[in-house]
Amino acid sequence: MTSDGNKESLLPGTKPNKPIDIIAFVIRYTLAIIFLGVFGCTLITPFMLMKIQTYYEASATLKIETGRETLIGVGEETSVLRGDRYKKFFNTQTIIIKNHTLLEEAVKGVSPDQKDAYFPKDMPPSNCAALLARRLGIEPVRGTHLLALTLQGNRPDGLAEILNSITEAYVERIEKEKKDKNAKRLNFLKDEYKKLEKGIRERNEKIQEQAKKLGSSGFKASSDTYSRRAEELRKAITQTYIKRVEAEHLYQQKRLEKDEIAALSMENHVEEMISNNGELNAVRSATYEQLEAMQAAIEGLAPSNKERRHIEDKMDAMRAYEQNMLNKVRSLAEKTLYGKREYQLKLELIKTKKDYEYVLAVEKELLRELRKLEKELSQNAVTLINNKNLRNEIASMRTRLMRFHSQINDLELESKAAGRVSVSIPAQTPTSPAGTNRNKLLMLCAVPPFGIVIVLFFALYILDNRIRNPKDVEHALGHPPSWPISQGPQETEFARLSLDAPDSLSSKAIHSLAFRLHRDTEVNQTRVFLFNGVGSRVGTTEILLNVSHGLGQMLPRILIIEANAVSPTLRKRLGIPQSSQPGLGEILKGQNTLEECIYTDNERNADIIFASEGEIYQAGTIFQETMIKIKDNYDMILIDSASVLQNDFTEYLAMYADVVVLVVQGDSTMYRNLRRVAELFIRLEVPAIASVLNWGGPKSMSVLQKIMTHLESPLTRRDNPERAL
């Protein structure tokens, strides 16, 4: 698994999609965002200023008791200040206060004049409640246990009355909920109290009936004989059970041992008995001596000699007799040893089985005696047990009865206690305006324009898949590009940059690339460099010409091959007419020799083979032979090729390339195209891939890309040579 999560990634450690750089986005579009945002604010502000109004505000305060004495239970009620309980309690109360039903009751609780003073005339109470839910503010007073309720309006009339009606309706609802809850608890406790009283009466009646049957009210056991005998039998059964379990386990163990021991081989013991058999050993010794003597007697005799054959037959008969006797001894030994072991195992198994059956029979007999005794004992003990259980139940029920009686008294007192929520400060009619909506309107003037502009630019930034900086190349390929080539002087043609402006930053970047290629040639013995642009009009030919000038100052023999049949421009850059110089097409067709098609550029100290216009290059033996000859005569070969995405001949050229130089046009080349081109060359098994980021030369951009580029901050535009570093 690679870092981008793709098991088959050809570029491990890279990012499959262009990453988002928030800092670069802010730096790039800050001025445009500010300009358009300010422009939008300027358009909206006059309309917002026309809606500035003053407002009045009434406030009321509710007090929340965090903990208070209770008669039911011990100590205080659970405090709402522990942990995040107060926040949850506050949120709960906010929802209750803003409940549509409560607000509608509050609206109905004020007079029609007070209602019309705040709400539009003849507005239904349900609509008034919905309007109140939006305008009513509820906030905890910091450092206290108070809740502040605020209500704003365009006029002071009716504000205090409506707010006080809301607090009264809220407190009444809390008190009603508490009373309903206490009433349910009281009803439950009283019902349980009556059930307990009835149960006690019924059990007392049963005890009296059983006392009449026994003729005594003491309920004492008439005899302990059955109990003692039963206890002794239980102990004996327990001991017998233990013995039976032990005998059973021993019997099962013997069975398993018999199977496992019977599976063991006694071959070693058989061999031992065979080796200790005297008769067999004597026969073996005599046979060995006679065989030695016979073997000595037939030495020197021909294989066809009758006497030799006679002696050999006697030797085979003696060996057969010895083997037959060995088999008999082995059979007797196996029968003796295995039979003896089988007898011993069966004998032990029979003994353990009999012991187990004996203990099992004793246990069954004891159990029969115990059941018989328990039947006799139960006939006399049923009455005692029932009465004992009834007395215990009556005692427990009387305890619960007293507890319920106490809780009923406490709850009746608790229901009359004050609630947790109360009105601390009622609302008063405001005498002066509380403020204006100017700040909110000004905020509305700024937030929507800037928000829309930021979202729009960020969406365009995400959709922009172009290479914008060297980091994008590093994310796509896994290694940074060479020194980026910035825009050169305006009066200098880009193809002659190293010749006419050698001191510019662009020329220095090109010279740096030339030094890198020369160093790679010295270290890795690379000679063929394939320059390939990621797309069209990315400056591949111009960069190759400038690099060849730098290499021509370090190496005596440089050859440039223009293998771009899609859009050949090298003749135009050097001012060479088509008819004056044959090119690569003539070489491949065999019309001209290599020497006839080579043009020498004295300014750059490099030989050039131009492309032939209108030709479609194909692979062939002539090109292979030409490349072999070129490698023998030149120190470095630079090949200008069409984009591998546009021409399949470039794939053929990659077979001869030691290094592929990918030319990436800043603000033009797509991130996905760069990765696609790199993966294509990796599949072609190119030994090495280098990249160069070009900000100079003409660019091929869509209308949207041009607009985005012009909206960028001047500090980030690549037409500034110093920013290219």
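Note that the coordinates shown come from a computational prediction; the quantities given were computed from them, not determined experimentally.

Turning next to the overall build of the protein. Within the protein, the regular secondary structure consists of 22 helices and 12 strands. Residue burial in the protein is summarised as follows: out of 725 residues, 39% are buried. When the accessible surface of the protein is split by element, carbon and sulfur atoms take 53% of a total near 42,200 Å².

With the rule as written, the count across this model stands at 11 aromatic pairs. When the ring of Y29 is compared with that of F457, the centres are 5.4 Å apart and the planes differ by 40 degrees; the resulting orientation is tilted. Placement of the pair is Y29 in helix α1 (residues 22-49) and F457 in helix α11 (residues 438-463), with a sequence separation of 428 residues. Comparing Y29 with F457, the two get one shared label, buried. Here the aromatic rings of Y599 and F610 are separated by 5.5 Å at their centres, their planes lie at 45 degrees, and the arrangement is tilted. Placement of the pair is Y599 in strand β8 (residues 599-601) and F610 in the loop between β9 (606-609) and α19 (621-633), with a sequence separation of 11 residues. Using a relative accessible area of 0% as the deciding quantity, one classes F610 as buried. One aromatic cluster is present, formed by F25, Y29, F457, F458 and Y461 through successive ring pairs.

Those residues of helix α3 (residues 100-108) not exposed but buried are L102, L103, E104, A106 and V107. Near the N-terminus of α3, the side chain that reaches the backbone nitrogen of T101, with its oxygen 2.9 Å away, is that of N99.

Attention now moves to the sheet that holds strand β6 (residues 528-533). In space, the 7 strands of this open sheet follow the order β8-β9-β7-β10-β6-β11-β12, with mixed pairing throughout. The open sheet has two edge strands with one neighbour each: β8 and β12 (688-694). This sheet shows a mean twist of 25 degrees between the axes of neighbouring strands, independent of strand direction.

Once that is clear, we can look at the side chain of R571. Within the secondary structure layout, R571 lies in helix α16 (residues 570-574). There is no salt bridge for the buried R571, and the closest opposite charge comes from E586, which lies 5.5 Å off by N-O distance. Setting aside anything within four residues of it in sequence, one finds R571 in contact with E562, I576, P577, Q578, Q581, P582, G583, F610 and A611.

For the rest of this paragraph, the subject is the environment of S165. Relative to the helices and strands, S165 resides in helix α6 (residues 159-214). The exposure class of S165 is buried, given its relative accessible area of 9%. Residues S165 and K108, spaced 57 residues apart in sequence, show a C-alpha to C-alpha distance of 8.9 Å. Every residue in contact with S165, bar those within four places of it in the chain, is listed here: A106, G109 and V110. Only 2.6 Å separates the side chain of S165 from the backbone oxygen of A106, close enough to count as a polar contact.

Right, let's get into the packing of α3 against helix α5 (residues 125-135). Where α3 meets α5, the closest approach of the two axes is 8 Å, and the angle between their N-to-C directions is 115 degrees. With respect to each other, α3 and α5 are oriented roughly perpendicular. Considering how the two elements wind past one another, α3 and α5 form a crossing that is right-handed. Across the interface between the two elements, H100, L103, E104, V107 and K108 of α3 pack against P125, S126, C128, A129, A130, L132 and A133 of α5.

Turning to helix α15 (residues 540-552), a few remarks are in order. End to end, α15 covers 18 Å across 13 residues, agreeing with the expected 18 Å (1.5 Å per residue, within 8%). Taking burial as the measure, the 13 residues of α15 include 13 buried ones, the bulk of the element.

If you walk through the whole model with that rule in mind, you get 17 salt bridges. The salt bridge partner of R496 is D500, with a shortest N-O separation of 3.1 Å. D500 gets classed as partly exposed once you look at its relative accessible area, which sits at 44%. The salt bridge partner of D635 is R557, with a shortest N-O separation of 3.0 Å. One end of the pair, D635, is in the loop between α19 and β10 (636-641); the other, R557, is in the loop between α15 and β7 (558-563), and 78 residues separate them in sequence. Within this structure, D464, R466, R468 and D667 form a network of salt bridges that share partners.

Despite not being glycine, N605 shows a phi value in the positive range, around 55 degrees. Examined against the element boundaries, N605 turns out to sit in the loop between β8 and β9. A residue is classified by how much of its surface remains accessible, and N605, at 37% relative accessible area, is partly exposed. Phi angles above zero are rare outside glycine, and D667 is one such case at about 65 degrees.

The next thing to look at is the packing of helix α12 (residues 470-477) against helix α21 (residues 671-683). The relative placement of two packed helices comes down to the angle between their axes together with the axis-to-axis distance. With their axes 9 Å apart at the nearest point, α12 and α21 run at an angle of 40 degrees to one another. Classified by the angle their axes make, α12 and α21 are oblique. Of the two possible hands of crossing, α12 and α21 adopt the one that is right-handed. Note on element contacts: α21 touches α12 through Y671, L674, R675 and A678, opposite D472, V473, H475, A476 and L477. Its residues assigned to classes, the contact of α12 with α21 comprises 6 nonpolar, 1 polar and 2 charged.

What follows covers the environment of D648. Assignment of secondary structure puts D648 in the loop between β10 and α20 (649-653). Taking the C-alpha atoms as reference points, D648 and Q618, separated by 30 residues in sequence, lie 9.0 Å from one another.

Here we come to the side chain of S643. With respect to the helices, strands and loops of the structure, S643 is situated in the loop between β10 and α20. Reaching out from S643, the side chain makes a polar contact with the backbone oxygen of G533 at a distance of 3.2 Å. Excluding residues that lie within four positions of it along the chain, S643 makes contacts with N532, G533, V534, G535 and T650.

β10 sits mainly inside the fold: 6 of its 6 residues count as buried. Residues of β10 alternate between two faces, with M636, L638 and D640 on one and I637, I639 and S641 on the opposite face, all of them buried. When β7 meets β10, the two strands line up parallel, connected through 6 bridges. Directly across from I561, in β10, lies its bridge partner I639.

Together, I20, I22, V26 and I462 make up a nonpolar patch on the protein surface, roughly 350 Å² of accessible area in all. Examined against the element boundaries, I462 turns out to sit in helix α11.

Mapped onto the elements, D355 comes out in helix α10 (residues 306-414). Put simply, D355 and K243 are 112 residues apart on the chain and 9.7 Å apart in space, counted from C-alpha to C-alpha.

In this section: the confidence of the model for the protein. Confidence along the protein averages 77 in pLDDT terms, with 81% of residues attaining 70 or more. Within the protein, helix α22 (residues 703-711) has the poorest average pLDDT of any element, 56, and β6 the best, 94. The low-confidence segment residues 1-7, where pLDDT is below 50, has 12 contacts with residues more than four positions distant or belonging to other chains. A low-confidence stretch, residues 718-725 stays under pLDDT 50, and its non-local contacts, those more than four residues away or across chains, total 18 contacts.

Analysis parameters
Residues numbered from 1 in each chain as written. Predicted model: local features only at pLDDT ≥ 70, side-chain atom pairs only at ≥ 80, totals over all residues. Heavy atoms only, no water. Helix = DSSP H or I, 4+ residues; strand = E, 2+ residues; numbered from the N terminus. Buried < 20%, exposed > 50% of the residue type's maximum accessible area, 1.4 Å probe, protein only. Areas by Shrake-Rupley, 256 points an atom, 1.4 Å probe, with all protein chains shown as cover. Phe/Tyr/Trp six-rings, centres within 6.5 Å; stacked < 30°, edge-to-face > 60°. Polar contact = N/O pair within 3.5 Å; in protein donor to acceptor, adjacent residues only side chain to side chain. Pairing = 2+ DSSP bridges. Axes fitted to C-alpha atoms, helices over the stretch in contact; angles between N-to-C directions. Lys, Arg positive; Asp, Glu negative; His and termini not counted. Salt bridge = Lys/Arg side-chain N within 4 Å of Asp/Glu carboxyl O. Contact = heavy atoms within 4.5 Å. Parallel < 35°, antiparallel > 145°, perpendicular 65-115°, else oblique. Left-handed = near helix turned anticlockwise from the far one by under 90°. Expected span 1.5 Å × (residues − 1). Nonpolar A, V, L, I, M, F, W, Y, C, P; charged D, E, K, R; others polar. Patch = residues over 30% accessible without salt bridge, like charges linked within 9 Å, V, L, I, M, F, W, Y side chains within 5 Å. pLDDT = per-residue confidence, 0-100.

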